[in-house]
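Secondary and tertiary structure notes
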Amino acid sequence: MKDLMRIKSLLSTEIEALLNQQVKKEAHSSSIYLSMASWCDRNGFDGSADFFFKQSNEEREHQLKIYKYILDMGGTSVSPEVTNIKNDWSTFREVFEDALDQEIAITQSFKNIVARCHKEQDYVTLEFLNWFLREQREEEYVARRALELFEVIGEQGTGYWDIDKNIGNIKYSAE
Amino acid sequence: MSEQHIITADLIEVFITSRGGIYQSDVENCLYLNFSGKTSRLSFSSLNDLKKIIDKVDLGHMCTLIEHADIEIILIKDNCFVLSGLEIIYLKEILDGAFAMFGLNHIITDCLDRLVMS
Ligand SMILES: [Fe+2]
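Residues numbered from 1 in each chain as written. Chains lettered and ligands numbered in written order. Predicted model: local features only at pLDDT ≥ 70, side-chain atom pairs only at ≥ 80, totals over all residues. Heavy atoms only, no water.

**Concerning empty space enclosed by the protein**
Residues and elements named next belong to chain A. Rules: Lining residues are defined by having an atom within 4 Å of a point belonging to a cavity or pocket. Those points lie on a 1 Å grid over the protein atoms alone, cavities being sets where a 1.4 Å probe fits but cannot get out and pockets being open sets with protein on both sides within 12 Å along at least five of seven lines. Grid points are joined across faces, edges and corners, and a volume is the space filled by probe spheres set on the points. Put simply, Ala, Val, Leu, Ile, Met, Phe, Trp, Tyr, Cys and Pro go in the nonpolar bin, Asp, Glu, Lys and Arg in the charged bin, and everything else, Gly too, in the polar bin.
Counted under the stated rule, the structure contains 1 cavity of 30 Å³ or more. Taken as a whole, the largest cavity spans an internal volume of roughly 50 Å³. As for the largest cavity, its lining consists of Tyr33, Phe51, Gln55, Phe96, Ala99, Glu103, Glu139, Val142 and Ala143. Looking at the lining of the largest cavity residue by residue, the classes come out as 6 nonpolar, 1 polar and 2 charged.

Laid out in structure tokens, this is it:
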């Protein structure tokens, strides 16, 4: 008997479902960053607003990258519904705390998919996910460095102004 | 339209119960679902879609409906299924069985594919 399931798609049902969940998480991230950009802009933090607009675009690209991979492998990608987007923060610092929390959650989520790929010996998807693991290194680094600026520069006096001016300069340069 | 297809000799039995069954045609790369007096020709992905829908049906909620009680209408490509709560249970059993067989067939095919031919 032909393996029609395999002929149709390289992805198992479980991995396809996990990837679709990840599509949703990336879409959610993109929306949250957009919301953070709005908050920063209306509170006078222009540098940070720019930073979050860029992050939001990146997350959208991540979403599409996974979305297209599912389709390319013969699967069904699902356009996600994005709800529960926070749009208010009590302090400037809290925005960056949330940003780091979010990146950590995304890294953990990728680790979970990778673990499943190992279990199923889906080395093709594993190789595809390597790009994201690498990307998460940078995402976490940048989010962590941004939050550290609050310690390094300090929140007194013109601290917020300095932090905002320096957010855009954080670069991850490792190979 | 689907009723015109007659189950022919090239069909492989995937999973059957006393209520119906699923057969595979390796010639046509498709599946035949024989259920409640009707035979439907479905692609693998359509059958997969049907399973996803059936798995999501809330039987408890279905039974409590006052109007149109106990009826679920499912459209998959050219096929329309009008199912009672009981039929959903029977169909679910067939689909679960068939997908377990697809999974098993996949494992076997995968093992054979990996054998080094000498
Ligand atoms: Fe991302």
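**Thoughts on the coordination of the iron ion**
Residue and element names in this part refer to chain A. What counts, and what does not: Donors, by definition, are the N, O and S atoms found within 2.8 Å of a metal, the threshold being 3.2 Å for Na, K and Ca, and water is not counted, so a site can look incomplete. Going along the chain from the N terminus, every DSSP run of H or I of four or more residues is numbered as a helix, and every run of E of two or more is numbered as a strand. The cut-offs for exposure are 20% and 50% of the maximum accessible area for each residue type, with area from a 1.4 Å probe on protein chains only; residues under the lower value are buried, those over the upper are exposed, and the others partly exposed.
At this site the iron ion is bound by Glu26 (OE), Glu59 (OE) and His62 (ND1), with donor distances of 2.1 to 2.3 Å. Counting the intervening residues between successive donors of the iron ion yields the motif E-x32-E-x2-H. Of the two residues, Glu59 and His62 both sit in helix α3 (residues 46-72), 3 residues apart, roughly one turn of that helix. In this pair, the class of Glu59 matches that of His62, namely buried.

**Details of the layout of surface pockets**
Any empty space left between atoms is shown by rolling a water-sized probe over those atoms. Estimated volume of the largest pocket: approximately 1200 Å³. Around the largest pocket, the lining comprises 41 residues; the ones closest to its centre are Met5, Leu11, Ser12, Thr13 and Glu14 of chain A. For the lining of the largest pocket, the elements supplying multiple residues, two or more each, are α1 (4-8), α2 (13-42), α4 (92-120) and α5 (123-152) of chain A together with α1 (44-56) and α3 (85-114) of chain B. Residue classes in the lining of the largest pocket are distributed as 12 nonpolar, 13 polar and 16 charged.

**Observations concerning the packing of α3 of chain A against α5 of chain A**
All names here are of chain A. To keep things clear, this is the line we draw: Here, axes are lines fitted to C-alpha atoms. For helices the fit covers the stretch in contact, and angles between N-to-C directions go from 0 to 180 degrees. Here the word oblique covers every angle except those under 35 degrees (roughly parallel), over 145 (roughly antiparallel) and from 65 to 115 (roughly perpendicular). Between two residues, a contact is recorded if the distance between any of their heavy atoms is within 4.5 Å.
Two elements in contact, α3 and α5, have axes separated by 12 Å at closest approach and are oriented at 170°. Of the possible angle classes, the one that applies to α3 and α5 is roughly antiparallel. Counted together, Phe51, Gln55, Glu58, Glu59, His62, Lys65, Ile66 and Tyr69 of α3 and Val124, Thr125, Phe128, Trp131, Phe132, Glu135, Glu139 and Val142 of α5 form the full contact between these two elements. Its residues assigned to classes, the contact of α3 with α5 shows 8 nonpolar, 3 polar and 5 charged.

**A word on the pairing of strand β3 (residues 30-35) of chain B**
If a strand is regular, its side chains alternate between the two faces of the sheet. All names here are of chain B. Applicable threshold: The pairing criterion is simple: DSSP has to find at least two bridges between the two strands.
Counted residue by residue, β3 has 5 buried out of 6 residues, so it is predominantly covered. What sits between strand β2 (residues 20-25) and β3 in their antiparallel hairpin is a turn of 4 residues, with Asn29 showing a positive phi close to 50°. Across 5 bridges, β3 lies against strand β4 (residues 38-42) in antiparallel orientation. Counted as the bridge partner of Asn34 is Thr39 from β4. With antiparallel pairing between neighbouring strands as the criterion, β3 and β4 make up a hairpin whose turn holds 2 residues, including Ser36 at a positive phi of roughly 40°.

**Concerning the confidence of the model for chain B**
Any segment with low pLDDT has predicted coordinates that should not be analysed in fine detail. Residue and element names in this part refer to chain B. For clarity, the threshold we go by: A score between 0 and 100, pLDDT records how confident the predictor is in each residue.
Overall, the predicted model of chain B reaches an average pLDDT of 86, with 86% of residues at or above 70. Averaged over each element, pLDDT in chain B is lowest for helix α2 (residues 59-64) (78) and highest for β2 (96). Across the whole predicted complex the pTM is 0.85, and at the interface the ipTM reaches 0.80.

**A look at the environment of Ile106 of chain A**
All names here are of chain A. Structurally, Ile106 is set in helix α4. With relative accessibility at 4%, the residue Ile106 sits in the buried group. Not counting the four nearest positions on each side in its chain, Ile106 is found in contact with Gln22, Lys25, Glu26, Ser29 and Gln136.

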